[in-house]
Amino acid sequence: MTDRIKLDPSWKAVLAPEFETERMQALRRFLLAEKAAGKRIFPKSSLWFHALDATPLPKVRVVILGQDPYHGEGQAHGLCFSVPPGVRPPPSLVNIFKELETDLGIKRPSHGCLEYWAQQGVLLLNSVLTVEMASPASHQGKGWEQFTDAVVRAVDARPEPAVFLLWGAYAQKKAAFVDTTRHLVLKAAHPSPLSAHNGFLGCRHFSQANAFLERHRQAPINWSLPSISGAGLL
């Protein structure tokens with residue numbers, strides 16, 4: 001099955017057994033049936049595994065966990081919290097940019113595409129990788145969660161330390177098994193406008209992540225987003 005999927009070889013090597021499970025076969029049948037029924041699925045199929053393809057396993061330095069893709073027209077492109085160039089940043093992403101400005105003095109960028117972060121080793125992983133248009137959480141419980149659990153476990157199992165940014169109870173529960181003796185796990189409220197003022201704004205996760213990486217002789221993340229023309233973005 002992995003032969004038909006656009007996926008970096010480092011991830012294919014560790015996730016091949018997952019793709020062969022009956023659970024993933026059932027998920028594939030479900031998605032094909034939804035498409036056959038005329039339902040619109042986001043993101044497009046070529047971007048379902050974009051988070052993994054954009055950030056090979058050996059390059060992962062930071063993990064940010066989302067829940068499921070944006071369900072609005074043109075928003076989802078396979079990276080959690082991110083939107084393609086030209087699409088207005090959703091409220092949660094706006095709050096992420098607010099925190100970046102407070103924490104590191106980074107001015108709000110002119111776009112909401114986080115591809116540059118992914119290229120540097122920030123794994124922008126949703127727990128569920130597809131959604132039906134205008135129907136949030138519609139693909140939860142179909143098998144994606146176990147697959148992305150395997151992704152998180154693959155990062156956790158590496159000897160190299162990484163930073164896990166867990167925003168909201170959902171992300172914190174999903175990564176509860178991460179070894180905190182080797183990795184830095186930072187927790188805060190979700191950046192949604194409904195909860196951002198309960199601990200996300202002011203959390204200073206971005207500077208803490210970089211300080212941890214530097215202590216472990218890794219390059220810090222450049223959290224500034226370059227202009228679209230100069231960033232090699234989608």
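Computed from a prediction, not measured in an experiment: that's the story for all the values here. (Residues numbered from 1 in each chain as written. Predicted model: local features only at pLDDT ≥ 70, side-chain atom pairs only at ≥ 80, totals over all residues. Heavy atoms only, no water.)

1. Some details on the confidence of the model for the chain
When the pLDDT values of the chain are averaged, the result is 95; 96% of them are 70 or greater. Here residues 230-234 is a poorly scored stretch, pLDDT under 50, and it has 13 contacts once near neighbours within four places are set aside; other chains count. (pLDDT = per-residue confidence, 0-100. Contact = heavy atoms within 4.5 Å.)

2. Brief notes about the packing of aromatic side chains
Applying the stated criterion across every chain, the model contains 12 aromatic pairs. Through successive ring pairs, a cluster of aromatic residues spans F81, W117, W167, F200, F206 and W223. (Phe/Tyr/Trp six-rings, centres within 6.5 Å; stacked < 30°, edge-to-face > 60°.)

3. A short note on the packing of helix α2 (residues 22-36) against helix α6 (residues 144-157)
Axis angle and axis distance: for two packed helices, these are the angle between their axes and the distance between the axes, and together they describe the pair. Running from N to C, α2 and α6 cross one another at 130°; their axes reach a closest spacing of 9 Å. The angle between the axes of α2 and α6 places the two elements in the oblique class. Where α2 crosses over α6, the two elements pack in a sense that is left-handed. Contacts between α2 and α6 involve R23, M24, L27 and L31 from the first element and W144, Q146 and F147 from the second. (Axes fitted to C-alpha atoms, helices over the stretch in contact; angles between N-to-C directions. Helix = DSSP H or I, 4+ residues; strand = E, 2+ residues; numbered from the N terminus. Parallel < 35°, antiparallel > 145°, perpendicular 65-115°, else oblique. Left-handed = near helix turned anticlockwise from the far one by under 90°.)

4. Notes on the environment of A51
Note that A51 resides in helix α3 (residues 50-54). A sequence separation of 43 residues divides A51 from D8, and the C-alpha atoms of the two residues are 10.0 Å apart. Once you skip the residues sitting within four places of it in the chain, A51 turns out to touch G78, L79, L123, L124 and L125.

5. Digging into helix α4 (residues 91-104)
The terminal C-alpha atoms of α4, which comprises 14 residues, lie 20 Å apart, in line with the 20 Å expected from a rise of 1.5 Å per residue. Inspection of α4 places S92, L93, V94, N95, I96, F97, E99, L100 and D103 among the buried residues, and these make up the whole buried set. Where α4 is buried, its residues touch α5 (115-120), β5 (163-167) and α8 (205-215). G105 sits one or two residues past α4 and shows a positive phi near 75°. (Expected span 1.5 Å × (residues − 1). Buried < 20%, exposed > 50% of the residue type's maximum accessible area, 1.4 Å probe, protein only.)

6. Notes on the pairing of strand β3 (residues 122-126)
Of all the five residues making up β3, five are buried; the element is thus mostly covered by neighbouring parts of the structure. Of the two faces of β3, the one carrying V122, L124 and N126 and the one carrying L123 and L125 are both buried. Bridge count for strand β2 (residues 62-66) against β3 is five bridges, and the pairing is parallel. Bridging from a neighbouring strand, V62 pairs with V122 of β3. (Pairing = 2+ DSSP bridges.)

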